[in-house]
Amino acid sequence: MEAIINQTKLSIIQGDITKQATDAIVNAANPSLMGGGGVDGAIHRAGGPAILEECKQIVAKQGRLPTGKAVITTGGNLKAKYVIHTVGPVWHGGGRNEAALLASDYHECLKVATAHKLASISFPSISTGAYGYPVSEAARIAISTVVPFLKEQATPIKEVTFVLFDSRTYESYCSAFQEVIGKNPHLVHLPIAA
Ligand code: AR6
C-alpha cells in the first residue's frame, strides 16, 4: 500500500528491514544499545561490528538511550547507509505513558533523519515484539505520528517505508493507515495504491 503525502511517498510493505536500501533503517533497540534479539539482533548480524562499535561510543559519551529517543550510527555492511536506533516502550497495559513514548520514537527518528538530510527511511514495528505492545494500537500510533509529520514539517525525506515482518503486522498497519486517512482525508494527496 502506498500514498503521497506532500512530496513524500509513504509505503507499507511486508519484508525484512535488513534488506532495505533506504538511506536509513530504524532499529527497535534497548537502552544499552548493545544488541539483542528480534530486529535488533538481525540488524547487528547483517550490519557487522561497525554498528556496535559506534553504539559503544555513543553510550560512553551520553549514557544509555532513554525510551522515546533516537541516535544514528553507520549502517556498516547493510545496504542502508545509516541505522537510527530508538528505544520503544515496554507494554505495561497502557498506563505508563506508553502511547506518548511510542509516538516520540517515530517523531525523533524522523527528526534525526531530517537533521542528517536523508532522503529515505524504513521503520519496523517498534515495541510490538519482545516489548509486547498490542500491534493494532502500535500501528495506529505509528501512522498517526508519521503522516502529520510529513504533512506539516519541512523535511528532505522523500520516502518513508514501513517494513513489517509478518502478515498480521502488515495487515494492522494497512488498516491503521486506512483509518487515519479516513478520518483526515486532507492529510494525503492521492493516489493511494493498494
Ligand atoms: N525486519 C523487520 N521486522 C522485523 C525483523 C526484520 N528483520 N525481525 C523482527 N522484526 P522486536 P521490540 C519485527 O522484538 O518489541 C530486542 O531484543 C518483529 O516481528 O524486534 O521493540 C531489543 O534489543 C516485530 O514485529 O522489538 C530489545 O531488547 C517487530 O520487529 C527488544 O527486543 C519488533 O519486534 C525490543 O523489543
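Anything mentioned here points back to the structure above.
Below, the structure is looked at part by part.

Parameters at a glance
Residues numbered from 1 in each chain as written. Predicted model: local features only at pLDDT ≥ 70, side-chain atom pairs only at ≥ 80, totals over all residues. Heavy atoms only, no water. Axes fitted to C-alpha atoms, helices over the stretch in contact; angles between N-to-C directions. Helix = DSSP H or I, 4+ residues; strand = E, 2+ residues; numbered from the N terminus. Parallel < 35°, antiparallel > 145°, perpendicular 65-115°, else oblique. Left-handed = near helix turned anticlockwise from the far one by under 90°. Contact = heavy atoms within 4.5 Å. Nonpolar A, V, L, I, M, F, W, Y, C, P; charged D, E, K, R; others polar. 1 Å grid on protein atoms, 1.4 Å probe; cavity = no way out; pocket = protein on both sides within 12 Å on 5 of 7 lines; lining within 4 Å. Points joined across faces, edges and corners; volume = space filled by probe spheres on them. Near = heavy atom within 4 Å. Polar contact = N/O pair within 3.5 Å; in protein donor to acceptor, adjacent residues only side chain to side chain. Areas by Shrake-Rupley, 256 points an atom, 1.4 Å probe, with all protein chains shown as cover. Sits in = over half its atoms within 2 Å of the grid points.

The next point concerns the packing of helix H4 (residues 135-152) against helix H5 (residues 167-183). Two elements in contact, H4 and H5, have axes whose closest approach is 8 Å; the angle formed by their N-to-C orientations is 50°. By the criterion of interaxial angle, the relationship of H4 to H5 is oblique. Crossing of H4 against H5: the hand is right-handed. For the pair H4 and H5, contact is made by Val-135, Ser-136, Ala-138, Ala-139, Arg-140, Ala-142, Ile-143, Ser-144 and Val-147 and by Arg-168, Thr-169, Ser-172, Tyr-173, Ala-176, Phe-177, Glu-179, Val-180 and Ile-181, respectively. Partitioned by chemical class, the residues of the contact of H4 with H5 number 11 nonpolar, 4 polar and 3 charged.

Here we come to the layout of surface pockets. Quantified by volume, the largest pocket comes out at close to 570 Å³. Around the largest pocket, the lining comprises 28 residues; the ones closest to its centre are Ala-28, Gly-38, Val-39, Ser-125 and Gly-129. Residue assignment for the lining of the largest pocket shows that the elements contributing at least two residues are strand E3 (24-29), helix H1 (38-47), strand E7 (159-164) and H5. It is H1 that contributes the most residues to the lining of the largest pocket, 4 residues altogether. Residues belonging to the lining of the largest pocket are distributed by class as follows: 12 nonpolar, 12 polar and 4 charged.

Okay, the site of the ligand next. Asn-30, Gly-37, Asp-40, Gly-129 and Ala-130 are the nearest of the 22 residues found near the ligand. Ser-127 is positioned such that a nitrogen or oxygen atom in its backbone is 2.8 Å from an oxygen atom of the ligand. In the environment of the ligand, an oxygen atom lies 3.1 Å from a nitrogen or oxygen atom belonging to the backbone of Tyr-131. Protein chains shield 88% of the accessible area of the ligand, which is 700 Å² for the free molecule. According to the grid-proximity analysis, the pocket containing the ligand is the largest pocket. Ranked by residue count, the leading element in the shell around the ligand is H1, at 4 residues. Tallied by class, the residues present in the shell around the ligand amount to 9 nonpolar, 10 polar and 3 charged.

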